[in-house]
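# Descriptive structure summary
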Amino acid sequence: MLTASSDLRSYLTGFTSTFGFVYTDAQETVFFTDPRYAEGAKAALKDKFIKVEIAQTEECVLDYIKSKKVKKLAVPMERVTVPQYEKLQSRRFRLVDSMPHFIRAMAIKSEQESALIGKACEIAESAFLRLLGELKEGMTENETAGLLEYLMRQAGAENRSFETIAAFGSGSSVPHHASGQTRLKKGMPVLLDFGCKYGGYCSDITRTFLFGKGDGQEDFIKTYESVYAAHMTAAEYIHAGITGRQADAYARNSLKENGLDKFFTHSLGHGIGINIHEYPTLSMRSEQILENGMVFSIEPGVYFENKFGIRIEDSVQLIDGDVVSFMKTDKKLVVL
């Protein structure tokens, strides 16, 4: 088996780099990298029975594999580029797809993986709670996102899971809003979608709240209660053995009771692990079966163009058939 994709290399070895290849057969596992990473890789992998070799080019790696008289080679097909595929074909390897095996293995988290995700969630939440005390009128979305990322790193994060979203006022009506120069004012809705990495694993959390009391907040408060109810309903009823479509329906039907389902414009959730989006998908079309050990998000949301948006998201895991949230903070509406 040969793997060049950075996330799959990290999953196999626990070592992160921008360049490298992992080759595995019945006798050995070898991590090929260039001199930039060789020393760090040898130190990190010395107790993992993974040999580290320096290889400046892909051709060196393929020469090594060919020298072992390998004829059939497993590669993650969806991650292989056209030039890589052509090189493999030119060496006359019989290629088989390893990606289904990666998807299956990565979907069910070990105790160690769950612990790392739990720590990433703990760091993200602690940073969020500190941020609430730092928010001031006049701060921009960019400043808020930057401060939140700083606080996560200060608490032990090694990186952010994805680009932090800080959305003020009507900006919250865009599910994937790009944080900008909008300034915080009293009475504004605030939506923060963020997460961090710890030990190579991600957390994902969204909190929506009000920055102080103001006029015309009744509609927001009423809508928030509906989204909160949808989140809690999904968390209560999702269980091992159902499909992603059925899971999505718990939240969507809850919103439908209040006439809000048409404003829920994205899926309920996605798998979380080494990557921020993994298997399974919880959506209206997903027939993927949810199983014990899977980690995913529950994130119902509604969005009203040029008005406001509300999303409430936790990272959760299926344990003994039921949803257990990694998050500890109260999801009821906060008014600062």
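Details of the structure are given in the entry above.
Residues numbered from 1 in each chain as written. Predicted model: local features only at pLDDT ≥ 70, side-chain atom pairs only at ≥ 80, totals over all residues. Heavy atoms only, no water.

The N-to-C vectors of helix H3 (residues 58-67) and helix H4 (residues 82-90) enclose an angle of 30 degrees; their axes lie 11 Å apart at closest approach. H4 is crossed by H3, and the crossing has right-handed handedness. Here Glu58, Glu59 and Leu62 of H3 lie close against H4, whose contacting residues are Gln84, Lys87 and Leu88. Partitioning the contact of H3 with H4 into residue classes produces 2 nonpolar, 1 polar and 3 charged. (Axes fitted to C-alpha atoms, helices over the stretch in contact; angles between N-to-C directions. Helix = DSSP H or I, 4+ residues; strand = E, 2+ residues; numbered from the N terminus. Left-handed = near helix turned anticlockwise from the far one by under 90°. Contact = heavy atoms within 4.5 Å. Nonpolar A, V, L, I, M, F, W, Y, C, P; charged D, E, K, R; others polar.)

Our next topic: the layout of surface pockets. To locate leftover empty space, one rolls a probe as large as a water molecule over the atoms. Quantified by volume, the largest pocket comes out at close to 350 Å³. In terms of lining, the largest pocket is formed by 20 residues, of which the most central are Ile165, His176, Asp193, His277 and Glu299. Looking at the second largest pocket, its volume works out to about 270 Å³. Only helix H1 (6-13) and helix H6 (111-132) provide two or more residues apiece to the lining of the second largest pocket. Among the elements that take part in the lining of the second largest pocket, H1 stands out by supplying 4 residues, more than any other. Here the lining of the second largest pocket is composed, by residue class, of 5 nonpolar, 8 polar and 3 charged. (1 Å grid on protein atoms, 1.4 Å probe; cavity = no way out; pocket = protein on both sides within 12 Å on 5 of 7 lines; lining within 4 Å. Points joined across faces, edges and corners; volume = space filled by probe spheres on them.)

This part covers the pairing of strand S19 (residues 322-325). Pairing of strand S18 (residues 314-319) with S19 involves 4 bridges; the strand directions are antiparallel. By the bridge assignment for S19, Val316 is matched with Ser325. Here S18 folds back onto S19, and the loop between the two strands holds 2 residues, one of which, Asp320, carries a positive phi near 50 degrees. (Pairing = 2+ DSSP bridges.)

In this section: the sheet that holds strand S9 (residues 188-194). Pairing in this open sheet of 3 strands is antiparallel, and the strands run S8-S9-S12 from one edge to the other. Single-partner strands in this sheet number two, and they are strand S8 (165-168) and strand S12 (205-211). Geometrically, the sheet is characterised by an average inter-axis angle of 10 degrees between neighbouring strands, direction not taken into account. Two strands pair when backbone bridges link them, and S9 and S12 are joined in this way by 7 bridges, in the antiparallel orientation. Note that in S12 the partner of Met188 across the bridge is Phe211. On top of the sheet, helix H7 (residues 141-154) reaches S8 and S9; it is set at about 145 degrees to S8, its chief contact.

Take helix H5 (residues 99-107) next. Looking at H5, one finds that the buried residues are Met99, Phe102, Met106 and Ala107. Axial view of H5: buried residues confined to an arc of 120 degrees, hence all on one face. Packed against the buried residues of H5 are strand S1 (2-3), H1, strand S5 (72-75), strand S6 (94-97), strand S14 (278-282) and strand S15 (295-298). (Buried < 20%, exposed > 50% of the residue type's maximum accessible area, 1.4 Å probe, protein only. Arc of directions from axis to C-beta.)

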